[in-house]
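Results of the structural survey
Chain residues, written in single-letter form:
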Number of protein chains: 4
Amino acid sequence: MTAPLVLTLSCADRPGITAKVTGFMFERGGNVLEAQQFNDRESDAFFMRVEFDPGVVSREVLKAEFAPLAAGFGMEWKLALRDRPRRVMIMVSKFDHCLASLLYRWRIGELAMDPVAIVSNHPRESIRHTDIGDLPFHHLPVTAETKAAQEAQVRAIAAETGAELVVLARYMQILSDEQAAHFAGRCINIHHSFLPGFKGAKPYHQAHARGVKMIGATAHYVTRDLDEGPIIHQDAEAISHADSPEDLVRKGRDIESRVLAEAVRLHLQERVLLNGQRTVVFGG
Amino acid sequence: MTAPLVLTLSCADRPGITAKVTGFMFERGGNVLEAQQFNDRESDAFFMRVEFDPGVVSREVLKAEFAPLAAGFGMEWKLALRDRPRRVMIMVSKFDHCLASLLYRWRIGELAMDPVAIVSNHPRESIRHTDIGDLPFHHLPVTAETKAAQEAQVRAIAAETGAELVVLARYMQILSDEQAAHFAGRCINIHHSFLPGFKGAKPYHQAHARGVKMIGATAHYVTRDLDEGPIIHQDAEAISHADSPEDLVRKGRDIESRVLAEAVRLHLQERVLLNGQRTVVFGG
Amino acid sequence: MTAPLVLTLSCADRPGITAKVTGFMFERGGNVLEAQQFNDRESDAFFMRVEFDPGVVSREVLKAEFAPLAAGFGMEWKLALRDRPRRVMIMVSKFDHCLASLLYRWRIGELAMDPVAIVSNHPRESIRHTDIGDLPFHHLPVTAETKAAQEAQVRAIAAETGAELVVLARYMQILSDEQAAHFAGRCINIHHSFLPGFKGAKPYHQAHARGVKMIGATAHYVTRDLDEGPIIHQDAEAISHADSPEDLVRKGRDIESRVLAEAVRLHLQERVLLNGQRTVVFGG
Amino acid sequence: MTAPLVLTLSCADRPGITAKVTGFMFERGGNVLEAQQFNDRESDAFFMRVEFDPGVVSREVLKAEFAPLAAGFGMEWKLALRDRPRRVMIMVSKFDHCLASLLYRWRIGELAMDPVAIVSNHPRESIRHTDIGDLPFHHLPVTAETKAAQEAQVRAIAAETGAELVVLARYMQILSDEQAAHFAGRCINIHHSFLPGFKGAKPYHQAHARGVKMIGATAHYVTRDLDEGPIIHQDAEAISHADSPEDLVRKGRDIESRVLAEAVRLHLQERVLLNGQRTVVFGG
């Protein structure tokens, strides 16, 4: 059997796009496995994701032949192998619950990724609760003075390893504008609270002080505007007056771990498309 | 502007269906507003729902022209006006919270329906908490002896009013096999508990006796097998040891009301397709 | 049987409070039906709520005898009849779903209240979807110029009717500081979004523009700081990119209705105690 | 500071219990840190849990002095050190996600336990995704013929290690009646579905075949009646027609992991009291 492909595209909405795209596949003997589309009637934009068995035609040929059609509609598009593990760099600081969750899901085959590097601004000892096995670990401490140099090192590691995705798994450093721009669209952060509610530091303590009755977590793409990037996934759960800030932190670990893992899964499976400052998420 | 249409269809999955269907629309000047499809890879079945602006072609012409294409794929299909209020008969017994919820949503325009009859096996006094206004009310008491005759009356009212959907809004009578078959696919029941957990009578008391920590409600199509029909929508929420059976009944009212209303909305908008004993629900 | 009482109290935490309070009841033949307490270890404050059958002693005698004990601990406290319906004034503007929900729950006996007045800044026609029956309706239009006078009218109606609670059921006017202070601790607002996320106007449109993946609603006591009062109850649910602002408004109606109704129920049952800018909510 | 204690008790409900118990503590200089009680008005039973700082009196003295009071009320009771890690034996088969979750939570200090043994009916290789470090691992294969002997081995290990709690973390063997009785009240199972919905094998496949719209997991004490023991905790989440059985298994892993971990936490903190076939869970 041929390896399944996944086509993702977005463009201005016009009549006939679906017909043209699915017709293109049908004519070449492709067989749709899963297809989703979204007509954003506010911005008149169109988004589509198709998983398909390409039959006898190679991905290279399909790409070459699809290019004129895509150009005609002014599409942004991508035609990728569905099941190839994406190379992922994970960045972490002192809390390793998100890292532990990601690596466990990778080991049992839930996340189709290839962890090429783990980077921390703290020594390996900081993530001692997590078994990282033989994965390459890079300790890159950072201070205000060394931030530019440290970020250059991060970019160098990403380049050398061919990292396609950077996951900030409770990496407690703010990326510079330059760094955020460098990794635009391929860097996911877990904000350890329910955005846009509590931005900045110690959000669970903020939530406790405000007396809210629910807490949550937010996974989003990193942009220059801290905590303002396109949201991929969120979840929340009820809390009560009896929950101390420490209880909120404990409950938050669970929410953060699963929200980040779900966002990473969605991204790895090419299910997240950018729609300005928002996302289109083709779940499944 | 032309009235939008909604096309729903299901058939065995084969390459090219989406291309053919969307090509058909495009060639006739149709413009897709919303489209969803589902390739059920276990049963090799295909399901599709398309909302579209038909342009200048009438629904009748489209139906005639689509018929051969549909026949070629062996489709079950329907081409309906999207915004025409469907005629609905609501059946109720002594508890009127689901009825009240449905009527309120209808009055504010949330549910595009035309309530053609309210039928109860109890006198109008039983639903006195709900303002039914001028809606036709039919008191059809039922006993074991009169069940066949009463059900015939129900069918007669449905026929006379042209009811397209029958909603059992806490109607506490079991339909006969004949009646269930008569209204197959167009009769929605709210089971006042989380199926398949607690079937039969007093499910909240059963749930309390079992000490479960969550309760829910289930909206499903009525079939001959009581409480076994295809499920449209469910919801659940946490409870605790401190909740008495009466507390569960109170919490249940909320869940029942919103689960039934959502199932009715989904059905009215042609978003629910049957897939054997299950449903495909194209949310939105 | 004697009418059950409910005692609520708060004070600085000190050893022996529970023993003294429950001992007081026991010595007088009282029988505890439900009791909850909260030791806030951050602020060293103590909160308690006890439902009890007072036996043969009258509420007046108990109040007189409890006063010295309460004074010794510096308590804020209240000893109330548990089942007496509280007099409630409901204020509303153009959207009546919260009003409809509250009145239905009152009619079926779910909310033990006595609705003494419905006040709107719009004519009765605005809430035509809701059957208010014979409940006194007051149309009190308001402009910037007449705001002070209109608020005085509201206070006058509250005084005349003996309203113990004011519920802002989507009353779309901001209370003046004076008015907020007048009704402090006995005025509940439903904020039609998840605080502290989207304050101010059109929160669902804000949420859509931000691309969040969950929306919610917040019921809180009204204070001078708009949208900053102590939170009583919140709920949230998942949304997707496919939800338009109108979809969010529709989903929001459901959340708002049930969050406000729950907050009102908790308040009516004396289950909400103030803890600075936060609340202690003794659920049940 | 003295080590905090936790007192749990249950008995027939009678006036004065709370006063007597809290009075007992106060007279001895104890200071209540957290207290909860439940008056079960259906069974006329009373349940209480108090965390307190005992002051200068030792646990042994308190136990001796409390015994007569407890006897007078016919209490079942326990007076334990709140923070002493309980000795826990974890049993597992081929799926190790619950084990991984428990061990991670233990390592970061979230679960105050002392894992004294990991027992599996499969070789250590089966749980290779989980770092069990130096924890004692026992491979105890089991067949129909060797079941009695294997269960005796399990009891022997529990006895030797002083295990206070046995956690069946996806241990896919049914305990014999004898074994279930032996560990009554101190053996927690995770049922990988939402009870009482889908009992027995492959519950997620059952759920998929039935077309339900929510799945969940249930943590309960093990009793002779398989899948019928007192429920400690449950959770559920929405699924759709597009979820394959494999998707349900993936989503189930998350729910199972967190439901089991929460049940274990509640048990370790002495927050779960038995009430016939049900539980009283004093959350916090």
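Residues numbered from 1 in each chain as written. Chains lettered and ligands numbered in written order. Predicted model: local features only at pLDDT ≥ 70, side-chain atom pairs only at ≥ 80, totals over all residues. Heavy atoms only, no water.

**Overview of the domain arrangement of chain A**
Under the domain assignment used here, chain A contains domain 1 (5–81) and domain 2 (86–268). The distance between the C-alpha centroids of domain 1 of chain A and domain 2 of chain A comes to 32 Å. (Domains from an automatic or database assignment.)

**What to know about the pattern of salt bridges**
The tally for this structure, following the rule as stated, stands at 102 salt bridges over all chains. Salt bridges linked by common partners bring Glu34, Arg49, Glu51, Arg82, Asp83 and Arg271 of chain A together as one network. (Salt bridge = Lys/Arg side-chain N within 4 Å of Asp/Glu carboxyl O.)

**A look at the sheet that holds strand 6 (residues 113–120) of chain D**
Residues and elements named next belong to chain D. Spatially, 7-6-5-8-9-10-11 is the arrangement adopted by the 7 strands of the open sheet, whose pairing is mixed. At either end of the open sheet lies a strand with only one pairing partner, and these are strand 7 (137–139) and strand 11 (231–238). The sheet shows a mean angle of 20° between the axes of neighbouring strands, direction not considered. With 3 bridges joining them, strand 6 and strand 7 adopt parallel strand pairing. Looking across to strand 7, one finds that Val119 is bridged to His138. (Pairing = 2+ DSSP bridges. Helix = DSSP H or I, 4+ residues; strand = E, 2+ residues; numbered from the N terminus. Axes fitted to C-alpha atoms, helices over the stretch in contact; angles between N-to-C directions.)

**What to know about a negative patch on the surface**
The grouping of Asp131 and Asp134 of chain A together with Asp131 and Asp134 of chain D at the surface amounts to a negative patch. One can find Asp134 of chain A in the loop between strand 6 (113–120) and strand 7 (137–139). (Patch = residues over 30% accessible without salt bridge, like charges linked within 9 Å, V, L, I, M, F, W, Y side chains within 5 Å. Areas by Shrake-Rupley, 256 points an atom, 1.4 Å probe, with all protein chains shown as cover. Lys, Arg positive; Asp, Glu negative; His and termini not counted. Charge placed at Lys NZ, Arg CZ, Asp CG, Glu CD.)

**Points about the pairing of strand 8 (residues 165–168) of chain D**
Looking along a regular strand, one sees the side chains alternate between the two faces of the sheet. Residues and elements named next belong to chain D. Of the two faces of strand 8, both are covered, the one formed by Leu165 and Val167 as well as the one formed by Val166 and Leu168. Two strands pair when backbone bridges link them, and strand 5 (residues 86–92) and strand 8 are joined in this way by 4 bridges, in the parallel orientation. Paired with Val88 across the strands is Leu165, a residue of strand 8. Bridge count between strand 8 and strand 9 (residues 187–191): 3 bridges; the pairing is parallel. Paired with Val167 across the strands is Ile188, a residue of strand 9. A crossover connection joins strand 8 to the parallel strand 9 through helix 5 (residues 177–182); in handedness this β-α-β unit is right-handed. (Buried < 20%, exposed > 50% of the residue type's maximum accessible area, 1.4 Å probe, protein only. Right-handed = clockwise from strand over helix to strand, strands pointing away.)

**Some thoughts on helix 3 (residues 97–107) of chain D**
Residue and element names in this part refer to chain D. In terms of residue burial, helix 3 counts as a mostly covered element, since 9 of its 11 residues are buried. Every buried residue belonging to helix 3 is among His97, Cys98, Leu99, Ala100, Ser101, Leu102, Leu103, Tyr104 and Arg105, and all of these are buried. At the exit of helix 3 stands Gly109, carrying a positive phi of roughly 90°.

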